[in-house]
Amino acid sequence: MSAPVDVTKNTFKAEVVEASTPVLVDFWAEWCAPCRKLSPTLDEIASELDGKVKVAKVNVDEERELGMMFQVMSIPTVLIFKDGQKVDEFVGALPKAQIVQKVESYL
């Protein structure tokens with residue numbers, strides 16, 4: 001199973017931009033209830049699509065610079081990166097099927 005990876009501004013390039021698979025970058029915070037609801041769903045998707053997709057987590061309280069860089073206005077926000085470029089995004093805790101459908105279009 002591919003476990004989510006915590007990302008900082010120092011590891012973002014290596015973990016997200018240079019990744020060989022699509023990456024779901026989850027911008028979240030401890031105090032955010034919808035974030036806590038979405039997190040296990042993203043973990044499940046990463047597990048089910050093992051090796052085909054990666055989940056990276058950015059704690060916006062600790063990594064404000066990354067949040068500002070990607071203009072994250074509300075959380076949870078998930079950016080989808082493929083081949084080093086942001087190709088899609090969604091805000092909020094979407095249903096699992098909807099997220100899988102988005103992700104599969106980039107596989």
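Residues numbered from 1 in each chain as written. Predicted model: local features only at pLDDT ≥ 70, side-chain atom pairs only at ≥ 80, totals over all residues. Heavy atoms only, no water.

- Going by an unreviewed UniProt entry, the protein carries the name Thioredoxin and comes from Corynebacterium lipophilum.
- UniProt lists a comment for the protein under the heading Function (unreviewed entry), and it reads "Participates in various redox reactions through the reversible oxidation of its active center dithiol to a disulfide and catalyzes dithiol-disulfide exchange reactions." (UniProt positions renumbered as here; feature names shortened; annotations may be inferred.)

**Section: the environment of T8**
And step 1. Assignment of secondary structure puts T8 in the loop between β1 (5–6) and α1 (12–17).
And step 2. Distance in space between the C-alpha atoms of T8 and Q71 is 16 Å, their sequence separation being 63 residues.
And step 3. Excluding residues within four positions of it along the chain, T8 makes contact with E63 and L66. (Helix = DSSP H or I, 4+ residues; strand = E, 2+ residues; numbered from the N terminus. Contact = heavy atoms within 4.5 Å.)

**Topic: the packing of aromatic side chains**
And step 1. With the rule as written, the count across this model stands at 4 aromatic pairs.
And step 2. Ring geometry for F12 against F81: centres 5.6 Å apart, planes inclined by 80°, an arrangement best described as edge-to-face. In this pair, F12 sits in helix α1 while F81 sits in strand β4 (residues 77–82), placing the two residues 69 residues apart along the sequence. Each member of the pair, F12 together with F81, is buried.
And step 3. Look at F27 and F70: their rings are 6.2 Å apart centre to centre, the planes differ by 55°, and that puts the pair in the tilted class. (Phe/Tyr/Trp six-rings, centres within 6.5 Å; stacked < 30°, edge-to-face > 60°. Buried < 20%, exposed > 50% of the residue type's maximum accessible area, 1.4 Å probe, protein only.)

**So, helix α2 (residues 33–48)**
And step 1. The end-to-end C-alpha separation of α2 is 24 Å, in line with the 22 Å expected for 16 residues at 1.5 Å each.
And step 2. Of the positions making up α2, those classed as buried are C35, L38, S39, T41, L42, I45 and A46.
And step 3. Against the buried residues of α2 lie β2 (23–28), β3 (54–59), β4, β5 (85–91) and α4 (96–104). (Expected span 1.5 Å × (residues − 1).)

**As for the sheet that holds β3**
And step 1. In space, the 5 strands of this open sheet follow the order β1-β3-β2-β4-β5, with mixed pairing throughout. The sheet is open, and its two edges are formed by β1 and β5, each paired on a single side.
And step 2. Sheet topology places β1 next to β3; 2 bridges connect them, and they run parallel. Note on β3: the bridge partner recorded for V5 is A56. (Pairing = 2+ DSSP bridges.)

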